[in-house]
Each structure stands twice: as C-alpha cells, then as structure tokens.
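For reference, the chains in residue letters:
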Amino acid sequence: ERFPVPTEALDELPYHIKQWQKGYESLPQEFDYWIDDIEGQIPAELEGTLFRNGPGLLDVNGQRIHHPFDGDGMICRVAFSNGRAHFCNRFVRTQAYVEEQAAGKILYRGVFGTQKPGGWLANAFDIKLKNIANTNVIYWGDKLLALWEAAEPHQLDPQTLETLGKDYLDGVLHNGDAFAAHPRIDGQTLVNFAIKPGLSTTITIYELDSSGKVVQRHAHSVPGFAFIHDFAITPNYCLFFQNPVSFNPLPFVFGVRGAGECVQFQPDQPTKILVIPRNPQQGKVQILETQSGFVFHHANAFEQDDKICIDSICYESFPSVEADSDYREVKFEELAPGQMWRFTLNLNDKTVQRKLLEGRCCEFPSVHPERVGRPYRYLYIGAAHNATGNAPLQAILKADLETGQRQLWSVAPHGFVSEPVFVPRPSTSGEDEGWLLAFVYDSTHHRSDVVILDAGDLNKGPVARLHLKHHVPYGLHGNFTSQ
Ligand code: 3ON
Ligand code: FE
C-alpha cells in the first residue's frame, strides 16, 4: 500500500479522549501466569523474552502524580517458549518505591512536577532526585538492568523480577552517577552514555563487551545546559542532539516546580548536533548546527561516503509540562506532532541538511538489531491513525525508506499502541524477516494485548494477539533477548 489515505475525515477524531485516559490507570497488582487467552498462534520459532519498562503507578495510594514520566518503574516480562507465552510484572523496588508504599503517601518530588503534599513550603530546598527506574530494561552480560537516565541502573533477577539493588557496572559507576536509558547495541558491544548537565554539560560514553565489562569510557564537556534523552551510533561515532533549551533551577529549588518543568525551549536558538568519535584517539567533539527543534528519540544513524545520516523524531518545540495542568487533559490537536526527519551531516564543511522522511505523527522507532548504526531500509514505529495532525499512537507503521512504501496496522478507535520491538526470525537475514512485538491497550475491555505482527507484511494483521488478564499502563521502552 502506497501512502494510505486517512480512512476517516480529518475533523472526526479516531479516538475518544476518555478511552485513551483509562490507559493511564495505575496497575498496583503484580501477576505471574501463563497466557491462555490467545487469538491466532504464537510462532513456534519465536523463542526468548520480551522485557518492558514503564510507569506502573500513576498515583501513590490515591495521591496522583503530576506526569507519567514520574511513575514508578514496573517491569513486564513476556517469555515465549514452545509456542506458549508466560506473563509476569513486578515493580522495581527502588528505595523510594519501598518507602512510599510503606508510608502510603508521596515522599519524594519527581523530575516532572510531582510534589510532596503540603505546597511549596514542604518542597522547597529538597533537591534530591527520585530514582524511579522506569524508562528502559535490558538483559546484558547476564544482568537484567532497569534504566532511568538521571541515576544508576537497578539490577533485577530475570527469573523472578526481584530487585537485587543498584548496579555500579563492577565499580565503574559511583554513587549518584547517571547511566542513560537508551543503550545501543552494535554486535557484541553495548554503547551507552551519561549526562551531567550544568552551565557546561559532561557527556560520558561507555562501551560494554558481551560479558558486561566496561571496555571503553571517555568523557567530554560541551558548552551550555543539555537535556539529552537518547543518542545514535555508527561504527565510528556517537551522535547527540543538544536541543535548544535553557534551564532556570530557581522554581525547582524554591519548591514550586519539578526540575523538568524548569527546562525552557528556545525557539530562536539552533539545535546543536554533537559528533563524538567512539575511539577517543580519533579526536574530540565536533559541533554542527541545524534548525531549532526538540528531539527525544533517534531511529538510527549510518555513515555514507563522507557523510553521516541520522534519522530522528523531531518536535517543533519541547512539549513542556505545565505546573497546573493535568496530563490526561492534553489537547493533542493543539500540539505539533513528532515527525521523522533525516539529518545529513557533512563533517568537512560542518553543514547539516534535513529532509522530512515521515510527516505522520510518530514515536518509538525500532529497526532490525543488525542494522543499528548501518544503512537500513525498514523502520518500524508507533504512529497516529491519521496521516496528519497530532494524536495518540494507535497504529504501527512500517516505512520502506528505499521505495517510500508504507504499511499501517491500526487499532483505532478503541486501541492504543506502545513501542514496537523488532525480533528477527532465527537463522534468517532479511531485514524485515521477523516479528514486531507490541503491547496494545484495548480500552473496550480495559485490558492490554501483546500483539505479534509479521514484520514482512503488516497488512496480514496480527499473527497472534495475546489477551492479558488486566491492562498495562502505557509504557516506555523494552528489549527482546533470545535467552
Ligand atoms: O534537571 C535537569 C533536567 C531534566 C529534565 C536534569 C535532569 C537530568 C534531572 C533531567 C531529567 C530528565 C529525565 C529524568 C528524563 C526522563 C524521561 C522519561 C522518563 C521519559 C521520556 C519519554 C519520551 C517520550 C517521547 C515519550 C513518549 C510517550 C508517548 C508517545 C506516549 O505514550
Ligand atoms: Fe526514550
């Protein structure tokens, strides 16, 4: 199907906000069961485990948190073996989760505006960060790690999902050090970074071998404050977007706003693209500039001739969190959608060209793991049902970047999707030979499905739809491991 036209009139929304909102109900219970309610068939060759992270609680004993990014991390595990699937979810027992659950109330301020009860006086001068371990989870070097970008990882038991404690990468990290939530895997190597923002920002790059040992570590300082959530890699470079934002910590320090609410977008400033060689012997940071915009996520990057291409989901502005607003009342239509752009960097003359790859509102990109950092053809991404406008993610889009063809599998009007994770079919090499695994919130039944799509052809509809016994709140990121 070529550039499908929207199936509904543009003035008629493909979702009901009340139904969307129900996906942000807390899931305080922890489950452990075989999934028996299945439509279709789980492919026999699909063997391995999907781990996912995201906010499981949107309130603490009835006290609402201000933003989903402040929600306590909850891990979901879906283990596939012999054509069956087992589900398990558990909260990461961070120190703050344990204390707040015992107290039955909010004891910590969140980065995105959650305050302790009692007004600004109760919050002023409390500048601790609550490490909520809610953004990503990855199995690497025999460890299962829950990640949150502003603090240390938490290690979990992959069998029981029991929290084993903070992980310091065998002493490489120190107390309070950050380790980002967006590692990239290049063959047998995991590459990740840490941001220490300030008047100037320090970016530390870590490379871990397959046993989890840190084999490369180098730090770089760049001028100005930086809020960097994700990065991209190629065989030779790490690439960061330093979005044009400023940071005024005073409202945070004086107890009226969360730190993340003190980030202000600067539409008149350019975005800086930081290019850092993976081998520290190959030189220092190079800084290129492009138009203003805000990027959370990158889909992929690759080197081509003497250029570097980086594909990123770009917003016109930082979707800033308002102190007095309710995130569930968001007016989607009034915000600019995230769209996929290709930035082509020329390191010789330090110029950047950009081109729109996909205008449909989209988020949560995924590519074949062997194509990470390399030229690639297929991009899989959560997308809006309609081709234009900003809206919740209700579809999974497959984009063929070579021919321009698109396939869209939509669950509108009652369904809402999360990040699709691409899993290659064992012993195949085709870039779209495999499956897409995604959690889909079904608002009619107030439950979530784990959906398995054939990445080769989304138009076939799901290969299997695994009905869970409950809903799973909209999540963030996860990874599949064939172990
Ligand atoms: O004070 C500074 C500013 C700041 C914002 C420094 C800092 C390091 C403490 C900081 C913290 C940043 C953090 C903790 C960011 C966490 C982000 C997070 C948990 C999630 C980001 C998600 C991004 C997207 C695009 C999610 C999209 C979701 C949907 C489309 C809906 O389902
Ligand atoms: Fe992310």
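These numbers come from a predicted model, not from an experiment.

**Q** Any details on the overall build of the protein? Residues and values, ideally.
**A** Along the backbone of the protein there are 4 helices and 35 strands. For 483 residues, the compact-globule estimate of 2.2 N^0.38 gives 23 Å, and the protein sits close to it at 21 Å. Over its C-alpha atoms, taken along the principal directions, the protein stretches across nearly 60 × 55 × 50 Å. Of all 483 residues assigned to the protein, the portion counted as buried reaches 58%. Split by element, the accessible area of the protein, about 19,800 Å² in all, is 49% carbon and sulfur. Positive and negative charge centroids in the protein, built from 42 and 58 side chains respectively, lie 3 Å apart.

**Q** Describe unusual backbone geometry, listing the residues and the values that go with them.
**A** The linkage connecting Ala-412 with the following residue, Pro-413, adopts the cis geometry, with an omega of 5°. In this structure, Asn-61 is a non-glycine residue whose phi angle is positive, near 50°. Relative to the helices and strands, Asn-61 resides in the loop between strand S4 (59–60) and strand S5 (63–64). Taking the relative accessible area as the measure of exposure, Asn-61 reaches 61% and is therefore exposed. Non-glycine residue Asp-142 carries a positive phi angle of around 65°. Its location among the elements puts Asp-142 in the loop between strand S8 (136–140) and strand S9 (143–147). A relative accessible area of 61% means that Asp-142 is categorised as exposed.

**Q** Account for the coordination of the iron ion (ligand 2), with residues named and values stated.
**A** On the protein side, the iron ion (ligand 2) has His-182 (NE2), His-229 (NE2), His-297 (NE2) and His-477 (NE2) as donor atoms, found 2.0 to 2.1 Å from it. One chain supplies every donor for the iron ion (ligand 2), spaced along it as H-x46-H-x67-H-x179-H. Note that His-182 is positioned in the loop between strand S11 (163–166) and strand S12 (184–186) and His-297 in strand S22 (residues 294–304), a separation of 115 residues in sequence. Neither His-182 nor His-297 differs from the other in exposure class; each is buried.

**Q** Help me get a handle on the pattern of salt bridges, residues and values and all.
**A** Oppositely charged side chains can form a pair if their charged atoms are brought close together. Under the criterion given, the structure shown has 28 salt bridges. Lys-130 is the partner of Asp-72 in a salt bridge, and the nearest nitrogen-oxygen pair spans 3.4 Å. Pair noted here: Asp-72 is in the loop between S5 and strand S6 (74–81) and Lys-130 is in the loop between helix H3 (119–123) and S8, with a separation of 58 residues, a long-range link. Between Asp-167 and Lys-143 there is a salt bridge whose closest N-O contact spans 3.0 Å. Taken together, the residues span a long stretch of sequence, with Asp-167 in the loop between S11 and S12 and Lys-143 in strand S9 at a distance of 24 residues. A residue is classified by how much of its surface remains accessible, and Asp-167, at 6% relative accessible area, is buried. A cluster of three or more residues bridged by salt bridges with shared partners is formed by Asp-37, Asp-442, Arg-447, Asp-449 and Arg-465.

**Q** Break down the packing of aromatic side chains for me, with residues and values.
**A** Overall, the coordinates contain 28 aromatic pairs when judged by the stated rule. Arranged with centres 6.2 Å apart and planes meeting at 20°, the rings of Trp-20 and Tyr-474 form a pair that is stacked. One end of the pair, Trp-20, is in helix H1 (residues 17–21); the other, Tyr-474, is in the loop between strand S34 (464–467) and strand S35 (478–481), and 454 residues separate them in sequence. Taking the relative accessible area as the measure of exposure, Trp-20 reaches 9% and is therefore buried. For the ring pair Phe-294 and Phe-296, a centre distance of 5.0 Å and an interplane angle of 65° mean the geometry is edge-to-face. The same class applies to Phe-294 as to Phe-296, namely buried. Ring-pair connections join several aromatic residues into one group, and the members of that group are Tyr-15, Trp-20, Tyr-24, Tyr-327, Phe-332, Phe-416, Tyr-441 and Tyr-474. The side chain of Arg-84 reaches across the aromatic face of Trp-34, ending 4.4 Å from its centre.

**Q** Describe the nonpolar core, listing the residues and the values that go with them.
**A** Formed by 49 residues in total, the largest nonpolar core has its most connected members in Ile-203, Phe-227, Ile-228, Phe-240 and Phe-294. Among the elements that make up this core, the one with the highest residue count is S22 (4 residues). Residues contacting Phe-240, with those up to four places away along its chain left out, are Phe-193, Ile-203, Ile-205, Ile-228, Asp-230, Phe-231, Lys-272, Ile-273, Leu-274 and Ile-276. Among the nonpolar cores identified, the runner-up in size contains 26 residues, and Met-74, Tyr-97, Val-450 and Ile-452 belong to it.

**Q** So what's going on with the sheet that holds strand S26 (residues 362–366)? Residues and values would help.
**A** Reading across from one edge, S26-S27-S28-S29 is the order of the 4 strands in this open sheet, with antiparallel pairing throughout. At either end of the open sheet lies a strand with only one pairing partner, and these are S26 and strand S29 (406–410). Each strand axis lies, on average, 25° off the axis of its neighbour in the sheet, ignoring direction. Strand direction decides the pairing type here: strand S28 (residues 395–400) and S29, joined by 5 bridges, are antiparallel. From the neighbouring strand, Ile-396 faces S29, where its bridge partner is Trp-409.

**Q** Before we move on, could you go through the site of ligand 1 and cite the residues and values that matter?
**A** Neighbouring residues of ligand 1: 24 residues in total, closest Phe-69, Thr-135, Trp-148, Glu-149 and Ala-259. Elements with a contribution of two residues or more to the shell around ligand 1: S22 and S26. Residues belonging to the shell around ligand 1 are distributed by class as follows: 17 nonpolar, 5 polar and 2 charged.

**Q** Pulling in residues and values, what's your account of the state of the cysteines?
**A** Counted under the stated rule, the structure contains 0 disulfides. You can see Cys-361 has no disulfide; the closest cysteine sulfur is in Cys-362, sitting 6.8 Å from it. Cys-362 sits in the buried class, given a relative accessible area of 1%.

Conventions we followed
Residues numbered from 1 in each chain as written. Chains lettered and ligands numbered in written order. Predicted model: local features only at pLDDT ≥ 70, side-chain atom pairs only at ≥ 80, totals over all residues. Heavy atoms only, no water. Helix = DSSP H or I, 4+ residues; strand = E, 2+ residues; numbered from the N terminus. Rg over C-alpha atoms; globule rule 2.2 N^0.38 Å. Buried < 20%, exposed > 50% of the residue type's maximum accessible area, 1.4 Å probe, protein only. Areas by Shrake-Rupley, 256 points an atom, 1.4 Å probe, with all protein chains shown as cover. Lys, Arg positive; Asp, Glu negative; His and termini not counted. Charge placed at Lys NZ, Arg CZ, Asp CG, Glu CD. Donors = N, O, S within 2.8 Å, 3.2 Å for Na, K, Ca; no water. Salt bridge = Lys/Arg side-chain N within 4 Å of Asp/Glu carboxyl O. Phe/Tyr/Trp six-rings, centres within 6.5 Å; stacked < 30°, edge-to-face > 60°. Lys NZ or Arg CZ within 6 Å of the ring centre and 35° of its normal. Core = buried A, V, L, I, M, F, W, Y, C linked by side-chain atoms within 4.5 Å. Contact = heavy atoms within 4.5 Å. Pairing = 2+ DSSP bridges. Axes fitted to C-alpha atoms, helices over the stretch in contact; angles between N-to-C directions. Near = heavy atom within 4 Å. Nonpolar A, V, L, I, M, F, W, Y, C, P; charged D, E, K, R; others polar. Disulfide = S-S within 2.5 Å.

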